[in-house]
Amino acid sequence: MAGAVAIVLTMPIRLGLDLRGGTQIVLETKSTATTEADREATDRTVEVLRGRIDALGVAEPTIVRSGDNRVVVELPGVQDPKKAADVLGRTAQLTVHSVLGPAEDAGNDAGNNPGNPSGTDAERVLPDESGQSLRLKAATLTGQDVEGADARFDQQGGAGWNVTVDFEDAGSDRWAEVTGEAACHPAGAPQRRVAIVLDSKIISSPQVDPSVACGAGIAGGSTQITGSFDDAEARELALLIKGGALPVPVETIEQRTIGATLGDEAISAGAWAAVIGTALTGLFIIVVYRLMGALATVALLCYGVISYAALAAIGATLTLPGLAGFVLAIGMAVDANVLVFERAREEQAARTRPSTRSSLTAGFRSALSAIADSNITTLIAAALLFFLASGPVKGFGVTLGIGVLASMVSALVITRVLAEFAASRPSVFRRPHITGISTTGPVRDALLRRDPFLMRRPRRWLAACAVVLVAAGSGILVRGLDFGIEFTGGRLIEYSTATQVDADRARDALADAGFPRAVVQSSGDSDLTLRTEKLTNAEAETVTKAISELGGETEKVRDELIGPSLGAELRKDALIALGLALTAQLLYLAVRFRLLFGTAAVSALAHDVVILVGVFAWLGKPIDGVFLAALLTVIGYSVNDSVVLFDRIRELLAGKDRKQSFARLTNQAILQTLPRTVNTGMGAVLILASLAVLADDSLTDFALALLIGVGVGTYSSVFTASPLAIEMYDRGSGARPARRKGRPTEKKVPASRTERQEVS
């Protein structure tokens, strides 16, 4: 703990762009006829882009290669991505041309000849900086001849800002040649200019200084471009000359911009959700478990410190969904504590333990396997999110995984040390009622008094679950799924306007501006969200202008662009992640328990998935990357309930109750684990309700999905997985045919069927 506290105090955590504001651009390199867009070409592209970004003056930029042909660029504080995207996306080769003179017909642009897109070996016509069309000679130099370019301020001469260009050895001779040829023309003539062209655009066309002699040119391998530059113009020109050409073309497949105000609000709302959710959860377990609950709350605070320190130590980036994962893992830590305390209550009630401390020790030992199994299933979901998700959702997988590991340390180490120390104090030994585990609790007492046989008719529960499944799942067919832009491709822009704008008026204004298919929705008092299939940066500026005319001063608080190729890829990855999640859970449960239990649990998971997706279809909620994160989390959480239940069934099979029928034994396991299910569910609901009410709007649907998932997962483990396991067991052991012959209807569990025995 001392090390974790030291890290928290000395190492700040790195915030994602959705929390601090800025722009993220994902570029994909494309192969050409001569160059393959492989890992090596992408690495060279990264270096060129890094130089361009550095020249933009962005503080703490991040540029990394992702896979073999993608580059992820993060620009903190950049709210208008148009300029950055334009600079990063320039791919044409830098060329230097002699000017043959003004063009009489600006329409004859040799450079636009499809057979010669680069224009390096043919004459071409291009407009200069002022719009005058110039006829250019074939290129004399290319970007390969340029060694570097820098913007400098001439303080001594008073000439202001200039751009100094350095050439390679061969380029130095060619530069002397082209400037020597231009120097033979009179001052002021167009032919005395030299045109520097990038991306079929003249970025500079300076006159050769009168001091340069005809035929001699500018020698020495260096030259200066002077003019009425300001700081920004000089730096941009130097950037374009030095950056030159990218090795291969690039395409923007994803672009996200988050306003700084939205990021600050997200941090504040997420922090309040974490504080209030933790406080409510802590208060709940203190009421239920008294002293032990108070010590568990202290351990929860330690969990927060450990998780934060782990994120800071590994250099992880905390995103908005990641912040939600951080809060959600508190519920995982509560689950482990509840498991231990409920087992300790059982040991205490059985009167087999002489003291509270020995009951706690037995509780920790008995609950260990269920805690490990349930957390491993959640780690499987977190790993799939990390490897298959993209953007901020990947951060959710990281923080959820770290949170689960930290919750195990919190529950199994910190809580145990504190609880056993407190239980050994004489004052506590004399007053066992203050520990909270000396009694069985109201839920368990009620179940013991009534002893209901819930699994008397398992098929009725399966029929009821089938009805719920059909009712919810029909929403997928009737309403369809509203896929977010992550899965369809397109652009989503959210505006905050000074005055409220009616969505219908905004649609009419955008239709008049040339965007009749734009989907416009209003949210809150002054927020407007626009979604369309395809929108360039220039068209986005037109949309912003149209919204500003309606709402006055307008701020763009969020801007997301997903290319169609990436959308198709994310759809595929989502299906793969879902399939792998179900398969991985089946394999793990089959290994840890048996195939029968694994099949029953995964069938209940599929039931939960269909219901959750169907409810979102009925509600018209978007199916996006954040929903995928919630869905995989629900899978992990739902498995937890089944794991705890099946772990108890396995224990009863190995114990004194092995001669009972499997249905009776399963019913007994349900009644014994139901108090844990209720208390854990309450802890999770308090956390998720805090997220839904207090967190950012983008997390409202996330919290709603998890709340639905918690409810569905809780009942499905009891009323779907358990009846299904009974039916499969009876079919496998031949109990159903025996009923038709008049023999007993319940198959006894063989005495030899023992999988794990414990001596307490």
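Residues numbered from 1 in each chain as written. Predicted model: local features only at pLDDT ≥ 70, side-chain atom pairs only at ≥ 80, totals over all residues. Heavy atoms only, no water.

What to know about the overall build of the chain
For the chain, the count of helices and strands is 22 helices and 21 strands. Going through the 760 residues of the chain one by one, you find that 52% of them count as buried. Per element, the accessible surface of the chain, about 32600 Å² overall, is 57% carbon and sulfur. (Helix = DSSP H or I, 4+ residues; strand = E, 2+ residues; numbered from the N terminus. Buried < 20%, exposed > 50% of the residue type's maximum accessible area, 1.4 Å probe, protein only. Areas by Shrake-Rupley, 256 points an atom, 1.4 Å probe, with all protein chains shown as cover.)

Things to note about the nonpolar core
The nonpolar side chains of soluble globular proteins are, as a tendency, buried together. Formed by 73 residues in total, the largest nonpolar core has its most connected members in Phe-597, Leu-612, Phe-627, Leu-632, Phe-646, Ile-649 and Phe-702. Those elements giving two or more residues to this core turn out to be α8 (320–349), α9 (356–388), α10 (392–423), α17 (564–592), α18 (595–619), α19 (625–654), α20 (662–694) and α21 (700–733). In terms of residues, this core owes the most to one element, α19, which gives 17 residues. The residues touching Leu-612, leaving out its near neighbours within four places in the chain, are Phe-627, Leu-631, Val-634, Ala-705, Ile-708 and Gly-709. Among the nonpolar cores identified, the runner-up in size contains 48 residues, and Leu-323, Ile-330, Val-334 and Phe-364 belong to it. (Core = buried A, V, L, I, M, F, W, Y, C linked by side-chain atoms within 4.5 Å. Contact = heavy atoms within 4.5 Å.)

Some thoughts on unusual backbone geometry
A positive phi angle, close to 55°, is found at Arg-290, a residue other than glycine. Of note, Asp-451 is a non-glycine position whose phi angle comes to about 45°, a positive value. Its place among the elements puts Asp-451 in the loop between α12 (442–450) and α13 (458–478). Overall, the relative accessible area of 46% leaves Asp-451 in the partly exposed class.

Considering the sheet that holds strand β10 (residues 160–167)
Across the sheet, three strands lie side by side as β9-β10-β13; this open sheet has antiparallel pairing. What marks the edges here is a single partner per strand, and that holds for β9 (146–154) and β13 (222–229). Taking each pair of neighbouring strands and ignoring which way they run, the sheet shows an average axis angle of 20°. With eight bridges joining them, β9 and β10 adopt antiparallel strand pairing. Note on β10: the bridge partner recorded for Ala-151 is Val-163. (Pairing = 2+ DSSP bridges. Axes fitted to C-alpha atoms, helices over the stretch in contact; angles between N-to-C directions.)

Topic: the pattern of salt bridges
Inspection of every chain in the model, using the stated rule, returns 23 salt bridges. Linking Asp-647 and Arg-650 is a salt bridge whose minimum nitrogen-to-oxygen distance equals 2.7 Å. Of this pair, Asp-647 and Arg-650 both sit in helix α19, three residues apart, which is roughly one turn of the helix. A relative accessible area of 2% means that Asp-647 is categorised as buried. Taken together, the salt bridges that share partners define one network made up of Glu-28, Lys-30, Arg-70 and Glu-251. (Salt bridge = Lys/Arg side-chain N within 4 Å of Asp/Glu carboxyl O.)

Some details on the packing of α18 against α19
It is at 9 Å that the axes of α18 and α19 come closest, and there the two elements cross at 145°. When the axes of α18 and α19 are compared, the crossing they make is right-handed. Two secondary-structure elements touch here, α18 through Phe-597, Ala-600, Ala-601, Leu-605, Asp-608, Val-609, Leu-612, Val-613 and Phe-616 and α19 through Phe-627, Leu-631, Val-634, Ile-635, Ser-638, Val-639, Ser-642, Phe-646 and Ile-649. Residue classes in the contact of α18 with α19 are distributed as 15 nonpolar, two polar and one charged. (Left-handed = near helix turned anticlockwise from the far one by under 90°. Nonpolar A, V, L, I, M, F, W, Y, C, P; charged D, E, K, R; others polar.)

Examining a negative patch on the surface
A surface patch of like charges, here negative, comprises Glu-147, Glu-168, Asp-169, Asp-173 and Glu-177. When residues in the negative patch are grouped by element, the largest group, three residues, is from helix α5 (residues 169–182). Tracing the chain through its elements places Glu-147 in strand β9. Judged by relative accessible area, Glu-147 falls into the exposed class, the value being 54%. (Patch = residues over 30% accessible without salt bridge, like charges linked within 9 Å, V, L, I, M, F, W, Y side chains within 5 Å. Lys, Arg positive; Asp, Glu negative; His and termini not counted. Charge placed at Lys NZ, Arg CZ, Asp CG, Glu CD.)

Quick word on α13
The first and last C-alpha atoms of α13 sit 30 Å apart over 21 residues, in line with the 30 Å expected at 1.5 Å per residue. When α13 is considered as a whole, its buried residues turn out to be Pro-458, Cys-465, Ala-472, Gly-473 and Gly-475. Following α13 by one or two positions, Gly-480 adopts a phi angle in the positive range, close to 80°. (Expected span 1.5 Å × (residues − 1).)

Examining the state of the cysteines
Covalent bonding between the sulfur atoms of two cysteines defines a disulfide. Counted according to the given criterion, the structure contains one disulfide. Sulfur-sulfur distance for the disulfide between Cys-184 and Cys-214 comes to 1.8 Å. Taking the sign of the S-S torsion, 85° for the link of Cys-184 and Cys-214, the bridge is right-handed. Placement of Cys-184 in the loop between α5 and β11 (194–197) and of Cys-214 in the loop between β12 (202–204) and β13 is noted, with a sequence separation of 30 residues between them. Classification of Cys-184 by relative accessible area gives partly exposed; the value is 41%. (Disulfide = S-S within 2.5 Å.)

Quick look at the confidence of the model for the chain
Detailed reading of the predicted model is not advised wherever pLDDT is low. Per-residue pLDDT for the chain averages 79, and the proportion of residues at 70 or more is 85%. No element of the chain has a lower mean pLDDT than helix α22 (residues 735–740), which averages 44, and none a higher one than α13, which averages 93. Within the model, pLDDT remains below 50 along residues 105–119, and this stretch shows 22 contacts once partners closer than five positions in the same chain are excluded. Below pLDDT 50 for its whole length, residues 734–760 participates in 50 contacts with residues either more than four positions away or in separate chains. (pLDDT = per-residue confidence, 0-100.)

Remarks on the packing of helix α15 (residues 503–512) against helix α16 (residues 537–551)
Two quantities define a packed helix pair, namely the angle between the axes and the distance from one axis to the other. Contact pair α15 / α16: the axes reach a minimum separation of 10 Å and the direction vectors enclose 135°. Considering their axes alone, α15 and α16 lie oblique with respect to each other. Relative to α16, the crossing made by α15 is right-handed. Counting all contacts with α15, which are made through Arg-505, Ala-506, Ala-509 and Leu-510, the residues of α16 involved are Val-543, Ala-546, Ile-547 and Leu-550. (Parallel < 35°, antiparallel > 145°, perpendicular 65-115°, else oblique.)

Things to note about the packing of aromatic side chains
If you walk through the whole model with that rule in mind, you get eight aromatic pairs. Taking the centre distance of 5.2 Å and the plane angle of 55° together, the rings of Tyr-289 and Phe-341 count as tilted. In this pair, Tyr-289 is assigned in helix α7 (residues 260–313) and Phe-341 in helix α8, connecting sequence segments 52 residues apart. In this structure Tyr-289 comes out as buried when scored by relative accessible area, which is 1%. We classify Phe-341 as buried; its relative accessible area is 1%. Taken together through their ring pairs, the aromatic side chains of Phe-597, Phe-646, Phe-662 and Tyr-729 make up a single cluster. Sitting over the ring of Phe-421, Arg-425 keeps its end group 4.4 Å from the ring centre. Above the plane of the ring of Phe-453 lies Arg-664, whose end atom (NZ or CZ) is 3.9 Å from the centre. (Phe/Tyr/Trp six-rings, centres within 6.5 Å; stacked < 30°, edge-to-face > 60°. Lys NZ or Arg CZ within 6 Å of the ring centre and 35° of its normal.)

Describing the pairing of strand β5 (residues 95–102)
Buried residues dominate β5, accounting for six of its eight residues. When β5 meets strand β8 (residues 141–142), the two strands line up antiparallel, connected through two bridges. By the bridge assignment for β8, Thr-95 is matched with Thr-142. In terms of strand pairing, β5 meets β11 through four bridges, oriented antiparallel.

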